[in-house]
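Residues per chain are reported as follows:
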Amino acid sequence: MPAFELSLLLSGPYHALLLAGLQVSLALLAVSFAVALPLALLVALAGQAPLAPLRGLAVVFVESQRSVPLLAHLLFWYFGAPELLPPDARQWLYEGDVEFLAAVIALSLYYGAYMAEDIRSGLRAVPVEQLQAARSLGLGFLPAMRHVVLPQAVRITVPPLLSQTLNLWKDTSIATVIGTAELMHQAAKVETESFRSLEAFAFATVCYLAVSLAIAAAAAGCQRRLAPGWRP
Amino acid sequence: MSFAEVVDTYWLYFLVGQYPQGPLGGLALTIVLASLGLLLALPAGLALGLARLSPWAALRWPVTGLIHLVRAVPLLLVIFWVYFFLPSITGVKTSQFSTMLMALVVYDAVYLAEIVRAGVQGLPRVQVEGARSLGLSWLAAMRLVLLPQALRNMLPSLVSQFVATIKATSLGYIIGLSELAFVTTQVNTQVFIYPTQLYLILGLSYFVLCFSLTRVAFWLERRLAPVSGQHPKLPARQPA
Amino acid sequence: MIGFDNVNKWYGRYQALVEITETIARGEVVVVCGPSGSGKSTLIRTINRLEPIDSGRIVVDGENIHRRGLDIDAFRSRIGFVFQQFALFPHLTALQNCTLAPVHHRRATAAQARERALALLDRVGLRDKADALPSALSGGQQQRVAIARALALQPSILLFDEPTSALDPEMVGEVLQVIKGLARDGMTMVVVTHEMGFAREVADRILFMDAGRILERATPADFFNRPQHPRAQQFLADLRSPFTS
């Protein structure tokens, strides 16, 4: 087994490759999160809507996303979906960063579905008596939601949303399958070019661990701040 | 070539790969791999879960650390470690199938450990005390009283974990294992003109498999009203 | 038979047991009462080490039971404990609940354990429920099975931690009846309970606790007719007030 060469990771072309990969991974995380969360809210609200077709649509969306592996979603958005576009649009697409775009679409939809489920169960976890009790104190529907139901629902929902974010972070690695130049992709590239698998994967491991721990710490912090001695 | 002809030519390949002329692949490999992975992970997951619950700190802390470590990195990274790095220690190239199987067992064991822990901790505390007050040791209390109840409550979670495992097998694609997603891409490369349809069929196949299992889990959950305690609240779902 | 020697216990900064010194003799039936939060349950749970103590000694049958290295499982198998929440094992039938521990401790063959368990279930009036799962039994029935389960190990001491507090009122009587029968047979018992009628009828001695201390030790007659400590007087007065009884 070859010795560990730290210098490889601290400077030079491999260092640059890996660092660029980390940046792309973080960008995937940030953009996908920013799209997934509002999407999840919309889907969760649609799931509560008084219109049956809207509720049905929300269910179909959530189930179809969750019952298919992220990798298959990625393949579809990268290989399958562009064929549906008119040739001009396709041309324009292929000139841009189509790997990044397809990854963001797949990750956002997939995690939008999971987060929608978290939000839905957060809303359902607040006992219906809470709303009734607030209404019986003379609060209107919106004030009752705002002062009584939502504060409780948010406390219940934030921890699962954060652990979903952690999953999103880990799953950005799967974008490597369509050639998005994220961290896993670059680590594998360094491995192929230099045969230094130990160094390349050690770098990736440390990066994934560090960001995961940061998200986990944020989750723990939220739990403490949102719910001191408070139970749903 | 019309799409009907594509289906006619490749449906068997899609289902079983090159089998019986070559190695098993396609949908069959996906199912075999997921089943084996979960099955082999069961004893390990049980042992890890018990270690995490155990009153002996020397056992509890290292296992807790291991579980947190594996849960903090992508499954794909575990796969890469096994596939690219393990051979440099053993000197033998690890096949794609054994790589995937090993990675899945590690991953499933860690998630099962959390399911076991949640299952036992979901039982009323007085169950432990009741067992201990009869003079049962910690291990005997686990084996005779707590685990039989917890395992029953855990059944729906086990089915959900099977779904997660099926989805995780798709990562075999990345190291060239000819499971369902890889086989579909092979067909796409040969046919070339129907990518949308082919990948929709891929998604639909996973959907039918996973969604029906999810319904089974849901049905089990309602059917097996817990004998005591609650269904374990799952640690957030496994990716992939 | 049970001796407390200057026992102290803290939960963080809150002291749950304060300088407890007390002796309970063989064959004695002792009722522990007091307001909620007074430390009664903690006290009884230290006797079979369900709760650790911070200082002092508890000696049972000549054995210091909080010493390190004691075979606590063997010790507990000689002490019966009955919980407020029954703690029956829901995946086992009433009979299996009663045979589990004797067979596990190799006190009896499966056949002997079964024989004895059936006799015990008969004694608590539930022989016909031997094959029922706990979920099919009423609260009172479950608690009677729990008593039979504790008796199946032929304990030298029985501890009851508020055995009727989780029961609907109409089921309290059947459980107390069983406990009274055991008292008549000379079993050593420590009972934490709010059932003052039961205490008056069955107890040899009453310990009144408040804020982690034993404030009064008296015969039932003295305790109910001539309570000495002001807190005990207050406690009994509250019990008699129409709003709390």
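Residues numbered from 1 in each chain as written. Chains lettered and ligands numbered in written order. Predicted model: local features only at pLDDT ≥ 70, side-chain atom pairs only at ≥ 80, totals over all residues. Heavy atoms only, no water.

## Structural notes on the packing of aromatic side chains
Here's step 1: All told, the structure shown has 22 aromatic pairs over all chains when counted by the stated rule.
Here's step 2: Geometrically, the ring pair formed by W169 of chain A and Y208 of chain A is tilted, given 5.3 Å between the ring centres and 50° between the ring planes. Here Y208 of chain A lies in helix α10 (residues 197-226) and W169 of chain A lies in helix α8 (residues 141-171), a separation of 39 residues in the sequence.
Here's step 3: The exposure class of W169 of chain A is buried, given its relative accessible area of 0%.
Here's step 4: Look at Y208 of chain A and you get buried, because its relative accessible area is 0%.
Here's step 5: Seen in terms of ring centroids, W81 of chain B and F85 of chain B are 5.2 Å apart; in terms of plane orientation they differ by 85°. Their pairing is edge-to-face. Of the two residues, W81 of chain B and F85 of chain B are both situated in helix α4 (residues 75-90); the distance of four residues between them amounts to about one turn of the helix.
Here's step 6: Residue classification places W81 of chain B among the partly exposed residues on the basis of a relative accessible area of 24%. (Phe/Tyr/Trp six-rings, centres within 6.5 Å; stacked < 30°, edge-to-face > 60°. Helix = DSSP H or I, 4+ residues; strand = E, 2+ residues; numbered from the N terminus. Buried < 20%, exposed > 50% of the residue type's maximum accessible area, 1.4 Å probe, protein only.)

## So, the sheet that holds strand β2 (residues 14-24) of chain C
Residues and elements named next belong to chain C.
Here's step 1: Here we have four strands laid out as an open sheet, ordered β2-β1-β4-β5, and antiparallel in their pairing. The strands lining the two open edges of the sheet, one partner per strand, are β2 and β5 (63-64).
Here's step 2: Bridge count between strand β1 (residues 2-11) and β2: seven bridges; the pairing is antiparallel. Residue pairing for β2: V7 is matched across the bridge by I20. (Pairing = 2+ DSSP bridges.)

## Comments concerning the interface of chain B and chain A
Here's step 1: In this assembly, 37 residues from chain B lie in contact with 41 residues from chain A.
Here's step 2: Where chain B abuts chain A, roughly 3300 Å² becomes buried across the two surfaces, and 75% of that area is made up of carbon and sulfur atoms.
Here's step 3: Along the contact surface separating chain B from chain A lie zero salt bridges.
Here's step 4: Mapped by element, the contributors of at least two residues to the side of chain B that touches chain A are α3 (57-72), α4, α5 (96-121), α8 (180-191) and α9 (195-223) of chain B.
Here's step 5: Per-element tally for the side of chain B that touches chain A: the top contributor is α9 of chain B, with 11 residues.
Here's step 6: Each residue belonging to the side of chain B that touches chain A can be placed in one class, and the counts come to 28 nonpolar, six polar and three charged. (Contact = heavy atoms within 4.5 Å. Buried area = accessible area lost by both parts, 1.4 Å probe. Salt bridge = Lys/Arg side-chain N within 4 Å of Asp/Glu carboxyl O. Nonpolar A, V, L, I, M, F, W, Y, C, P; charged D, E, K, R; others polar.)

## Notes on the environment of M115 of chain A
Residue and element names in this part refer to chain A.
Here's step 1: For M115, the position within the fold is in helix α6 (residues 98-125).
Here's step 2: As a C-alpha pair, M115 and P160 span 45 residues in sequence and 8.2 Å in three-dimensional space.
Here's step 3: Setting aside its immediate chain neighbours within four residues, M115 contacts F33, A36, L37, A40, L161, Q164 and T165.

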